[in-house]
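As a plain string of letters, each chain reads:
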Amino acid sequence: MREKGEGLGLDFEKMMVFGDVGCVNENEIVVCQVGGGLCGGSKMSEWKDIPVELLLRILSLVDDPTVIVASGVCHGWRDAISWGLTHLSLSWCKKNMNDLVLSLVPKFTKLQVLILRQDSPQLQDVAVETITNHCSDLQELDLSKSFRLTDRSLYALARGCPNLMKLNISGCSAFSDTAVAYLSGFCRKLKILNLCGCVKAASDRALKAIGYNCHQLQSINIGWCDRVGDEGVKSLAYGCPDLRALDLCGCVLITDESVVALANNCLHLRSLGLYYCKNITDRAMYSLAHSRVKNKHDIWASVKKNRYEEEGLTNLNISQCTALTPHAVQVLCDSFPALHTCSGRHSLIISGCLRLTSVHCACAVQAHRATHAMAHLAH
């Protein structure tokens, strides 16, 4: 890595070229214009002379590693970054992410978004506890693939970050359903939750707690959590009426009961993953199709606004749901114009279901008719 002063000097000069800032001399910087307003041509001969607003604008143009280096330049830079930095990603850090979090987080107390996605497990519970002690405004946190974390981290998040709206703990296999249930009781503003692969954490017990506490939930991924059954999914359907996206891929225990509950209660559902849910039958498809006409007022309002195709299911994965028949899936496809089987627009995924090869969306049928008509004219 370059020396701090040299690297920041080069970065600063580059940014002066592209920003609304003028006149960079060898020994001083003269600010002629910032954001359309004149600053009186004030001279800045040292880093500490840079106005906070300009400094934050400069830092918004560089990557996160450069911001971290900048935080060590002087007290002025560090204080300004601490005051203004709200988004930070350390996913680029391949080594020592845990130590980096411990040293940086106490400086960045205004963070709202923190991305700590890892290729190899580095984070330990003490890092998450440090985050919760200093970043009470945190709204989005990505801890995916943090295999070393235990329930201590979830308990700390519950106590220290009540404003969480988006949490990704996919692949965190050590978390328990007890800790997830506890978290849901404190982080009631959650809108997006990713539990994919959290086999111990995602159970009917945990989902019941989420449905009871997190009524604003809009998206949840519980793919490949084989302890999830109908009771848990129904709790989500009853408790989270604004649910827009639900991934149940690989949840082999669920049956039509889950889908019927979703169809009856989650009228804003847009995306549903049922890959490898082999207990799903035609009843589930008909219930989803019927949900299309349950609320006639909303549908007619959508028609008037030319938004009919935007409403209802836009993505459905029923691959390997081998009990389904063509008629039921075609009825569903006809009910939701945004579901496509045509090339390049696959939003109805039916791979592995050999019985469903005759199912086609409206535009695929229209394309076939157009091709047939052209062939007829050619003759």
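Residues numbered from 1 in each chain as written. Predicted model: local features only at pLDDT ≥ 70, side-chain atom pairs only at ≥ 80, totals over all residues. Heavy atoms only, no water.

K.L.:
Tell me about the state of the cysteines, and name the residues and values.
P.N.:
Per the counting criterion, the structure on display carries zero disulfides. Looking at the unpaired C187, the closest cysteine sulfur is the one in C161, lying at 7.1 Å. Cysteine C214 remains unbridged, with the sulfur of C240 as its closest cysteine sulfur at 6.8 Å. Residue classification places C214 among the buried residues on the basis of a relative accessible area of 1%. (Disulfide = S-S within 2.5 Å. Buried < 20%, exposed > 50% of the residue type's maximum accessible area, 1.4 Å probe, protein only.)

K.L.:
Mind laying out the confidence of the model for the protein, listing which residues take part and the relevant values?
P.N.:
Mean pLDDT over the protein works out to 84, with 78% of the residues at or above the 70 mark. Low pLDDT, under 50, characterises residues 11–41; the predicted model gives this stretch 47 contacts beyond four residues in sequence or across chains. (pLDDT = per-residue confidence, 0-100. Contact = heavy atoms within 4.5 Å.)

K.L.:
Just give me the short version of unusual backbone geometry, but keep the residues and values in it.
P.N.:
Here K145, not a glycine, exhibits a phi torsion of approximately 65°, which is positive. Secondary-structure assignment places K145 in the loop between β7 (140–142) and α7 (151–160). Non-glycine residue Y276 carries a positive phi angle of around 65°. Inspection of the secondary structure puts Y276 in the loop between β12 (271–273) and α12 (282–291). We classify Y276 as partly exposed; its relative accessible area is 35%. (Helix = DSSP H or I, 4+ residues; strand = E, 2+ residues; numbered from the N terminus.)

K.L.:
Before we move on, could you go through the pattern of salt bridges and cite the residues and values that matter?
P.N.:
Enumeration over the complete set of coordinates arrives at nine salt bridges. In this structure, K166 engages E140 in a salt bridge whose closest nitrogen and oxygen atoms are separated by 3.7 Å. Taken together, the positions of K166 in strand β8 (residues 166–168) and E140 in strand β7 put the pair 26 residues apart, joining distant regions of the chain. Accessibility expressed as a relative area gives 22% for E140, which makes it partly exposed. (Salt bridge = Lys/Arg side-chain N within 4 Å of Asp/Glu carboxyl O.)

K.L.:
Now, about the side chain of T66: what can you tell me, with residues and values included?
P.N.:
Following the sequence through the fold, T66 ends up in helix α3 (residues 64–70). Overall, the relative accessible area of 14% leaves T66 in the buried class. A polar contact of 2.6 Å, which involves the side chain of T66, links it to the side chain of D63. (Polar contact = N/O pair within 3.5 Å; in protein donor to acceptor, adjacent residues only side chain to side chain.)

K.L.:
Before we move on, could you go through a nonpolar patch on the surface and cite the residues and values that matter?
P.N.:
Residues W224, V252, L253 and Y276 make up a contiguous nonpolar surface patch of about 370 Å² in total accessible area. Its location among the elements puts W224 in the loop between β10 (219–221) and α10 (230–239). (Patch = residues over 30% accessible without salt bridge, like charges linked within 9 Å, V, L, I, M, F, W, Y side chains within 5 Å. Areas by Shrake-Rupley, 256 points an atom, 1.4 Å probe, with all protein chains shown as cover.)

K.L.:
Summarise the environment of I318; cite the residues concerned and give the values.
P.N.:
The topology assignment puts I318 in the loop between β13 (315–317) and α14 (326–335). Residues I318 and G273, spaced 45 residues apart in sequence, show a C-alpha to C-alpha distance of 6.8 Å. Setting aside residues no more than four positions away along its own chain, I318 makes contact with L274, M285, L324, V329, L348, I349, I350, C353 and L356.

K.L.:
Any chance you could break down the environment of A201 for me, citing the residues and the numbers?
P.N.:
Counting through the fold element by element, A201 comes out in the loop between β9 (192–194) and α9 (204–213). Between the alpha carbons of A201 and R227 there is a distance of 9.2 Å; along the sequence they are 26 residues apart. Beyond its immediate sequence surroundings of up to four residues, A201 is in contact with F175, S176, D177, V180 and A206.

K.L.:
For the packing of aromatic side chains, give the residues involved together with the corresponding values.
P.N.:
According to the stated counting rule, one finds four aromatic pairs in the structure shown. Arranged with centres 5.0 Å apart and planes meeting at 80°, the rings of Y155 and Y182 form a pair that is edge-to-face. Taken together, the residues Y155 in helix α7 and Y182 in helix α8 (residues 177–186) connect sequence positions 27 residues apart. On the basis of relative accessibility, which here comes to 24%, the residue Y155 falls in the partly exposed class. Under the relative-accessibility criterion, Y182 is labelled partly exposed at 31%. Ring plane angle 40° and centroid distance 4.8 Å describe the contact between Y182 and F186, whose orientation is recorded as tilted. (Phe/Tyr/Trp six-rings, centres within 6.5 Å; stacked < 30°, edge-to-face > 60°.)

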